[in-house]
Amino acid sequence: MSTRESLTDKGRRLGREHTRAAIAELKLARQWAGLSQDQLAAALGWSQSRLSRIERGHALDDLGVVELAMLAGRLGLQLSVSLHPSGEAIRDAGQLALGKRFRLLLAPAWHATAEVPLPNPGDRRSWDLFLR
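Residues numbered from 1 in each chain as written. Predicted model: local features only at pLDDT ≥ 70, side-chain atom pairs only at ≥ 80, totals over all residues. Heavy atoms only, no water.

Visitor: Break down empty space enclosed by the protein for me, with residues and values.
Guide: A complete count under the given rule lists 1 cavity of 30 Å³ or more for this structure. In this structure, the largest cavity encloses a volume near 40 Å³. Sorting the residues of the lining of the largest cavity by element identifies helix 1 (7-32) and helix 3 (48-55) as the ones contributing at least two each. Class assignment for the residues of the lining of the largest cavity results in 6 nonpolar, no polar and 2 charged. (1 Å grid on protein atoms, 1.4 Å probe; cavity = no way out; pocket = protein on both sides within 12 Å on 5 of 7 lines; lining within 4 Å. Points joined across faces, edges and corners; volume = space filled by probe spheres on them. Helix = DSSP H or I, 4+ residues; strand = E, 2+ residues; numbered from the N terminus. Nonpolar A, V, L, I, M, F, W, Y, C, P; charged D, E, K, R; others polar.)

In structure tokens form, the structure reads like this:
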């Protein structure tokens, strides 16, 4: 029997994957800059052992975006984070009720479709309600 990954578990898994990738880039940047863990940790006000745990991936759940941005900044890099729609999400009850009321007002000739992707390649946004 197959199991489905919950949205929360998927978010946790993807968050860890992105954090691991960012840490790998930051470690390379530190090495290319010729800095030791001691030097970078001191510049950040951290212990060397904390930076070592981070670089080894042992602090994935304890490392936040602000700390990643601090690390990046000390290495002359800028952290960028963005969000994209992906699958089902918790929808706003007010928006759903409004859409339902709107559909009741439509003539039978209209066909309404929810969450229709925009026609721009690579754009992951969508229209809340699309009428045909």
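Visitor: Outline the nonpolar core, listing residues and values.
Guide: Within the largest apolar cluster, 17 residues are counted, with the highest numbers of intra-cluster contacts made by Trp46, Ile54 and Leu71. In terms of residue count, the dominant contributor to this core is helix 1 (4 residues). Ignoring sequence-local partners within four residues, the contact set of tryptophan 46 consists of Ala41, Leu51, Ile54, Glu67, Met70 and Leu71. (Core = buried A, V, L, I, M, F, W, Y, C linked by side-chain atoms within 4.5 Å. Buried < 20%, exposed > 50% of the residue type's maximum accessible area, 1.4 Å probe, protein only. Contact = heavy atoms within 4.5 Å.)

Visitor: Outline the layout of surface pockets, listing residues and values.
Guide: Counted as a void, the largest pocket has a volume near 880 Å³. Lining of the largest pocket is provided by 26 residues; of these, Leu14, Gly15, His18, Ser82 and Leu83 occupy positions nearest its centre. The leading source of residues in the lining of the largest pocket is helix 1, at 11 residues. Across the lining of the largest pocket, the residue classes break down as 12 nonpolar, 9 polar and 5 charged.

Visitor: Pulling in residues and values, what's your account of the packing of helix 1 against helix 3?
Guide: Viewed as axis vectors pointing N to C, helix 1 and helix 3 meet at an angle of 125°, and their least axial separation amounts to 9 Å. In terms of orientation, helix 1 and helix 3 fall into the oblique class. Between helix 1 and helix 3, the contacting residues are Ile23, Lys27 and Arg30 on the first element and Leu51, Ile54 and Glu55 on the second. (Axes fitted to C-alpha atoms, helices over the stretch in contact; angles between N-to-C directions. Parallel < 35°, antiparallel > 145°, perpendicular 65-115°, else oblique.)

Visitor: Outline the packing of aromatic side chains, listing residues and values.
Guide: Under the definition given, this model contains 1 aromatic pair. Positioned above the aromatic ring of tryptophan 46, the side-chain terminus of arginine 50 is 4.3 Å from the ring centre. (Phe/Tyr/Trp six-rings, centres within 6.5 Å; stacked < 30°, edge-to-face > 60°. Lys NZ or Arg CZ within 6 Å of the ring centre and 35° of its normal.)

Visitor: Kindly report on helix 4 (residues 65-74), identifying the contributing residues and their values.
Guide: Within helix 4, burial applies to Glu67, Leu68, Leu71 and Ala72. Burial along helix 4 is one-sided: seen end-on, the buried residues are contained in an arc of 140°. When the buried face of helix 4 is taken as reference, the exposed residues oriented beyond 90 degrees from it are Val66 and Arg74. Contacts made by the buried residues of helix 4 are with helix 1, helix 2 (37-44) and helix 3. A positive phi of about 75° marks glycine 76, the residue just after helix 4. (Arc of directions from axis to C-beta.)

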